[in-house]
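Coordinate analysis (summary)
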Amino acid sequence: MITAWVALLGICFGSFINAFVWRLYERDFAKKKSFKDKDLSITKGRSMCVHCGHQLKSIDLIPILSWISVGGKCRYCKKKISAQYPLVELTTMLTFILSWIFWPYEFNLVGYLVFAVWLVCIVIFMALLVFDVRWMLLPNRLVFPLYGLAGVFVALRFIQESDPMILLNAVVGAAIGGGLFYVLFQMSDGAWIGGGDVKLGFALGALVGGPLNAFLLLFIASFLGSISALPQLTKSKSGAGSYRIPFGPFLIVAAIIVQLFGTVIFDWYTAQFL
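1. Focus on the environment of Asp37
- Position of Asp37 among the secondary structure elements: in the loop between α1 (2–28) and α2 (65–69).
- Given the relative accessible area of 42%, Asp37 is considered partly exposed.
- For the pair Asp37 and Thr3, spaced 34 residues apart in sequence, the C-alpha separation works out to 38 Å.

Have a look at this one:
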């Protein structure tokens, strides 16, 4: 029953993420605005079609099912609605469920608060992922709140475990997660990695905590990024310099993997090779 509620919560937040990301981009980054700022307000603006601006009805707002029922097109202007919408809703729901099932920490009073903070982090992760995939942007308005959430997460984990190493590990993790990217950013003058990835690296490093987890985060992200870029690089005649990929999504996926399965991965590696 709890898993079902977590799933429902995830799919609802996925729907919110889609609306939030579009409104934030249109309001703060779009070169040509198609709607007024008041219509793009997260708190006051009504749900509407991104193409024609028609106000959506309740039947249009059912996550995943509404998109399927209209064949991926607006019910009013018949223009195509991106598959991003159901994918984000489904992915957020699945990530919430996986977090609940494989959560590595104890569920006591403070433990539930830790888990709640993690779910809020996932919401921001998904928003950043969409932003980076679509527009190659990692907005400060989304990245900087992760610093505060990471601080709350680490503080609650310290209260939960009463272990000073949790605080030290968060500092070390942040230094590795963002520090290495900062060095690469400075060495390449931003050609090898973006400034948004540097900022994100500090927050994610603090969240996963510790040198081993931070290095595992960077390894998984780099591995996934390399696998993703390889097909394009083999096709490109002008070489790697002409092809750019958003690295933020790989960092985010890696952070989720390390947070939920880091201990399992290290135990498996130790058993197999050490």
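There's plenty left to go through after this.
2. Brief notes about the environment of Leu149
- Here Leu149 shows up in helix α5 (residues 140–161).
- Taking relative accessible area as the criterion, Leu149 reaches 18% and is therefore assigned buried.
- For Leu149 and Phe273, which are 124 residues apart along the polypeptide, the C-alpha to C-alpha distance reads 36 Å.
- With sequence-adjacent residues up to four places away left out, Leu149 is seen in contact with Val117, Val120, Cys121 and Ile124.

3. A few points about the nonpolar core
- Among the nonpolar cores identified, the biggest contains 62 residues, and Trp118, Phe125, Leu128 and Leu146 are the most heavily contacted of them.
- Where this core is concerned, the elements lending two or more residues are α1, α3 (84–101), α4 (109–135), α5, α6 (164–188), α7 (195–208), α8 (211–235) and α9 (248–273).
- Tallying contributions element by element places α4 first for this core, with 16 residues.
- What Trp118 contacts, discounting residues up to four positions off in sequence, is Ser99, Trp103, Phe125, Phe153, Ala255, Ile256, Gln259 and Leu260.

4. As for the packing of α3 against α4
- Across the interface, α3 lies against α4 with an axial gap of 11 Å and an inter-helix angle of 150 degrees. Regarding the angle of α3 to α4, the classification is roughly antiparallel. Regarding α3 and α4, the two cross each other, and that crossing is right-handed. For the pair α3 and α4, the contacting residues are Gln84, Val88, Thr91, Thr92, Thr95, Phe96, Ser99 and Trp100 in the first and Tyr112, Phe115, Trp118, Leu119, Ile122, Val123, Met126, Val130 and Arg134 in the second.
- Classifying every residue of the contact of α3 with α4 gives 11 nonpolar, 5 polar and 1 charged.

Each value, and the rule that gives it
- Residues numbered from 1 in each chain as written.
- Predicted model: local features only at pLDDT ≥ 70, side-chain atom pairs only at ≥ 80, totals over all residues.
- Heavy atoms only, no water.
- Helix = DSSP H or I, 4+ residues; strand = E, 2+ residues; numbered from the N terminus.
- Buried < 20%, exposed > 50% of the residue type's maximum accessible area, 1.4 Å probe, protein only.
- Contact = heavy atoms within 4.5 Å.
- Core = buried A, V, L, I, M, F, W, Y, C linked by side-chain atoms within 4.5 Å.
- Axes fitted to C-alpha atoms, helices over the stretch in contact; angles between N-to-C directions.
- Parallel < 35°, antiparallel > 145°, perpendicular 65-115°, else oblique.
- Left-handed = near helix turned anticlockwise from the far one by under 90°.
- Nonpolar A, V, L, I, M, F, W, Y, C, P; charged D, E, K, R; others polar.

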